[in-house]
Amino acid sequence: MRAYEKNIRKAEPYVPGEQPQNKVIKLNTNENPYPPAPGVEKALKEMDTDRFRLYPDPTCGPLVEALADFYHVKPEQVFVGVGSDDVLAMCFLTFFNSEKPILFPDITYSFYKVWAELYRIPYECQKLDADFRIVKEDYDKENGGVIFPNPNAPTGIYEELDMVEDIIRANQDVVVIIDEAYIDFAGCSAIELVDKYDNLIVVQTFSKARSMAGMRIGYAIGSPALIKYLQDAKYSFNSYTMNQAALVCGVESVKDQAYFEEGIRKIIHTREWAKEELEKLGFCCLDSDANFIFVTHPRYDAKRLFEALKENGIYVRYWGSGRIKQYLRITIGTREEMEELFKFLKKYKGDCL
Ligand SMILES: *Cc1c(COP(=O)(O)O)cnc(C)c1O
């Protein structure tokens, strides 16, 4: 190692699912198979590109207001960022500065560990139980903060708000972050608890239910005090994280509630049908409340199946470690895409027997 390398901040980055450039059936990164709200396309076509000469509004005013209206909170309770990954990374930097370890599940969004390592935040993973559920008592101990997704990823399991509240109640001396990337496909959001617990931050995204992963929009909702701390960190770093086009498109998406609800309904419908089909093919599926299903098969090796799918142009997600070594995560695509998947799986079953 060269002398200067000793003081370089080294990181082991998060590895996202592949983004193949050729045409494949892409069920590997939980994107939405349907287009964003029609108003988004219209706004982009009519966009006044002369505005691009100017810096965007650093406060993201109209988007913050649209989200505040949508969730019935005050604009001072909303923070917007470049996808929820940006918002979450900012939250780690801002809120997790204790000597005590932050707590999150052992099987969860693998970015949490990456940020903890990058920012040198001590952390301690809490084991999910044998059914891959969060054990709330594990979060009832001294810590420097708590974060978990609800529904959890990659399991898709949703915990009822009562249970989420129990964890928040037991942790009022630290910041608790609930990552609700998939909440629109599930049940009640913890946003309804932000006025009751001023140490709570709820993070959501436009990437999944709103079909806008490529636009990079995420947001946090919490008490005005916590949101102010986040803004101070952001403005110490880069005032203009959100580009002008994303700000305009985000507002258009929020405006069209009917399209949003219909899109969610379609995905949930396809998910429940896909689960039945997978079970007919011998797969065990966790009960998912997200836009993906986490599956295992008693007779197939997950890695081999993952590779066979990929060779046939069907991309799913595989991690290949620990307790989830024999599991695959399959994003819910359109009905037609799922039919292609089942067609392949039926053939695979024939070839394997
Ligand atoms: C997809 C996802 C995110 C991040 O999504 P962005 O595209 O950065 O908004 C955050 N948390 C979980 C659990 C996710 O699955």
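These numbers come from a predicted model, not from an experiment. (Residues numbered from 1 in each chain as written. Predicted model: local features only at pLDDT ≥ 70, side-chain atom pairs only at ≥ 80, totals over all residues. Heavy atoms only, no water.)

A.B. asks: Explain the sheet that holds strand S9 (residues 284-285) to me, please; I cannot follow it from the model alone.
C.D. replies: Two strands in a sheet stick together by hydrogen bonds in their backbones, pointing the same way (parallel) or opposite ways (antiparallel). Sheet architecture is open: four strands sit in the order S9-S10-S13-S12, paired in antiparallel fashion. Since the sheet does not close on itself, it has two edges, and those belong to S9 and strand S12 (317-318), each with one partner. Across the face of the sheet, helix H8 (residues 257-280) comes into contact with S9, strand S10 (292-296) and strand S13 (327-331) while running at roughly 10° to S10. (Pairing = 2+ DSSP bridges. Helix = DSSP H or I, 4+ residues; strand = E, 2+ residues; numbered from the N terminus. Contact = heavy atoms within 4.5 Å. Axes fitted to C-alpha atoms, helices over the stretch in contact; angles between N-to-C directions.)

A.B. asks: What is the right way to look at the site of the ligand in this model?
C.D. replies: Lining the immediate surroundings of the ligand are Gly 83, Ser 84, Asp 85, Leu 88, Tyr 109, Asp 179, Ala 181, Tyr 182, Thr 205, Ser 207, Lys 208 and Arg 216. Within the backbone of Ser 84, a nitrogen or oxygen atom sits 2.6 Å from an oxygen atom of the ligand. At a separation of 2.6 Å, an oxygen atom of the ligand approaches a polar side-chain atom of Ser 207. Here the ligand loses 93% of its free accessible area of 380 Å² to cover by the protein chains. Judged by the proximity of its atoms to the pocket grid, the ligand belongs to the largest pocket. (Near = heavy atom within 4 Å. Polar contact = N/O pair within 3.5 Å; in protein donor to acceptor, adjacent residues only side chain to side chain. Areas by Shrake-Rupley, 256 points an atom, 1.4 Å probe, with all protein chains shown as cover. 1 Å grid on protein atoms, 1.4 Å probe; cavity = no way out; pocket = protein on both sides within 12 Å on 5 of 7 lines; lining within 4 Å. Sits in = over half its atoms within 2 Å of the grid points.)

A.B. asks: What exactly am I supposed to notice about the sheet that holds strand S4 (residues 123-126) here?
C.D. replies: Taking strand neighbours across the sheet as the criterion, the seven strands line up as S2-S8-S7-S6-S5-S3-S4 in an open arrangement whose pairing is mixed. Lying at the two open borders of the sheet, with one neighbouring strand each, are strand S2 (78-81) and S4. For this sheet the average axis-to-axis angle between neighbouring strands, irrespective of direction, equals 20°. Note that strand S3 (residues 102-105) and strand S5 (residues 145-149) share two bridges and pair parallel. By the bridge assignment for S5, Ile 102 is matched with Gly 145. Running at roughly 160° to strand S7 (residues 200-205), helix H3 (residues 83-95) makes contact with S2, S3, S5, strand S6 (176-179), S7 and strand S8 (218-222) of the sheet.

A.B. asks: What exactly am I supposed to notice about the packing of helix H2 (residues 61-71) against helix H7 (residues 244-255) here?
C.D. replies: When two helices pack together, their arrangement is given by the angle between the helix axes and the distance between those axes. Two numbers describe how H2 lies on H7: the axes approach to 9 Å, and their chain directions differ by 20°. With respect to each other, H2 and H7 are oriented roughly parallel. Note that H2 runs across H7; the crossing there is left-handed. Across from Pro 62, Leu 63, Ala 66, Leu 67 and Phe 70 in H2, the residues of H7 making contact are Leu 247, Gly 250, Val 251 and Val 254. (Parallel < 35°, antiparallel > 145°, perpendicular 65-115°, else oblique. Left-handed = near helix turned anticlockwise from the far one by under 90°.)

A.B. asks: How should the packing of H8 against helix H10 (residues 335-352) be read in this particular structure?
C.D. replies: Their axes nearest at 11 Å, the elements H8 and H10 cross at an angle of 5°. With respect to H10, the element H8 is oriented roughly parallel. Facing Thr 270, Trp 273, Ala 274, Glu 277 and Leu 278 of H8, the residues of H10 in contact are Arg 335, Met 338, Glu 339, Phe 342, Leu 345 and Lys 346. Considering only residue class, the contact of H8 with H10 consists of six nonpolar, one polar and four charged. (Nonpolar A, V, L, I, M, F, W, Y, C, P; charged D, E, K, R; others polar.)

These figures capture arrangement, not role.
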